Amino acid sequence: MLTGKAQMLACLDDLGIAHSTLDHPPVFSVGEGEEIKAALPGGHSKNLFLKDAKGRLWLISALGETRIDLKHLHPVIGSARLSFGSAELMEAVLGVTPGSVTALALVNDKARQVTFVLDAALATADPVNFHPLTNTATTALSQADFRRFLNALDREPLVVDFEQMRCVEA
């Protein structure tokens, strides 16, 4: 399991994925760090680790400003009712703590327990910005390199248009 920024960036290097990383003070929510975001072009992600009523795990990566209605999302993605997964479960499955959840943590889900949901708006942003397993840095990847990362993990995202509340083509 990768446990920090250095290991995550080395993994990206090993995959031949171009990236740039900005170190910054810890950011725990989307509303924090506006000055950091202003210094970085592209789509800034918010990431939600969820568990449904049947025990299935979900990771949603969306643009920071995207409104996600969890009460009405479950029929769109084919889940049972959704709630936030515990910090302990997140750490066990993705190797990250609250505030540091990121699509890049899918690298740690070797058992493929998590279904990845990608916001259609984030799927078109370029570059995309994610925490590299810690909330004290932000790593930018081109959209093409982000998709190469997902392909290397053999992950096909479920792409959702959260405005229309429907799945769309990846």
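This text goes with the structure placed above it.
On a predicted model such as this, the values are computed, not experimentally measured, just so you know.

Asks: Teacher, can you tell me more about the pairing of strand 8 (residues 158-161) here?
Replies: Regular strands show a simple pattern: their side chains alternate between the two faces of the sheet. The pairing of strand 5 (residues 114-119) with strand 8 spans three bridges and is parallel. Following the sheet pairing, Asp 119 is matched in strand 8 by Val 160. Taken together, the three bridges between strand 8 and strand 9 (residues 166-168) define a ladder with antiparallel strand orientation. Bridge pairing links Val 159 to Val 168 in strand 9. In this structure, the hairpin formed by strand 8 and strand 9 is closed by a connection of four residues, where Met 165 is found at a positive phi of approximately 50 degrees.

Asks: Please explain the side chain of Arg 155 as it appears in this structure.
Replies: Along the chain, the position of Arg 155 falls in the loop between helix 5 (143-152) and strand 8. Excluding residues within four positions of it along the chain, Arg 155 makes contact with Leu 106, Asp 109, Arg 112, Val 114 and Leu 150.

Asks: Can you help me understand the nonpolar core in this one?
Replies: The nonpolar side chains of soluble globular proteins are, as a tendency, buried together. Core analysis: the largest hydrophobic core is formed by 35 residues, its most contacted members being Met 8, Leu 94, Val 114, Phe 116, Phe 146 and Phe 149. Of all the secondary-structure elements, those providing two or more residues to this core are helix 1 (5-14), strand 3 (57-63), helix 4 (87-94), strand 5, strand 6 (128-130) and helix 5. Counting residues per element, this core draws most heavily on helix 1, at four residues. Apart from residues lying up to four places away in sequence, Leu 94 is in contact with Phe 49, Val 101, Ala 105, Leu 106, Asn 108, Asp 109 and Val 114.

Asks: Looking at this structure, I do not really get the pattern of salt bridges. What am I missing?
Replies: A side chain of one charge can pair with a side chain of the opposite charge if their charged atoms are brought near each other. The tally for this structure, following the rule as stated, stands at three salt bridges. Put simply, Arg 155 and Asp 109 hold a salt bridge, and the shortest N to O gap is 2.5 Å. Of the two residues, Arg 155 sits in the loop between helix 5 and strand 8 while Asp 109 sits in the loop between helix 4 and strand 5, which places them 46 residues apart along the sequence. With respect to burial, Arg 155 and Asp 109 carry one shared label: buried. Between Asp 145 and Arg 148 there is a salt bridge; the shortest N-O distance is 2.7 Å. Of this pair, Asp 145 and Arg 148 both sit in helix 5, three residues apart, which is roughly one turn of that helix.

Asks: Whenever I open this one, helix 4 confuses me. Can you help?
Replies: Structurally, the α-helix is built with 3.6 residues per turn, so residues lying three or four positions apart point the same way. Of all the residues in helix 4, the buried ones are Met 90, Val 93 and Leu 94. The buried residues of helix 4 all sit within an arc of 80 degrees when viewed along its axis, so they share a single face. Relative to its buried face, helix 4 has exposed residues pointing more than 90 degrees away, namely Glu 88 and Ala 92. In the core, the buried residues of helix 4 are packed alongside strand 2 (43-52), strand 3 and strand 5. Positive phi shows up at Gly 95, right after helix 4, with a value of about 75 degrees.

Rules of the game
- Residues numbered from 1 in each chain as written.
- Predicted model: local features only at pLDDT ≥ 70, side-chain atom pairs only at ≥ 80, totals over all residues.
- Heavy atoms only, no water.
- Pairing = 2+ DSSP bridges.
- Helix = DSSP H or I, 4+ residues; strand = E, 2+ residues; numbered from the N terminus.
- Contact = heavy atoms within 4.5 Å.
- Core = buried A, V, L, I, M, F, W, Y, C linked by side-chain atoms within 4.5 Å.
- Buried < 20%, exposed > 50% of the residue type's maximum accessible area, 1.4 Å probe, protein only.
- Salt bridge = Lys/Arg side-chain N within 4 Å of Asp/Glu carboxyl O.
- Arc of directions from axis to C-beta.

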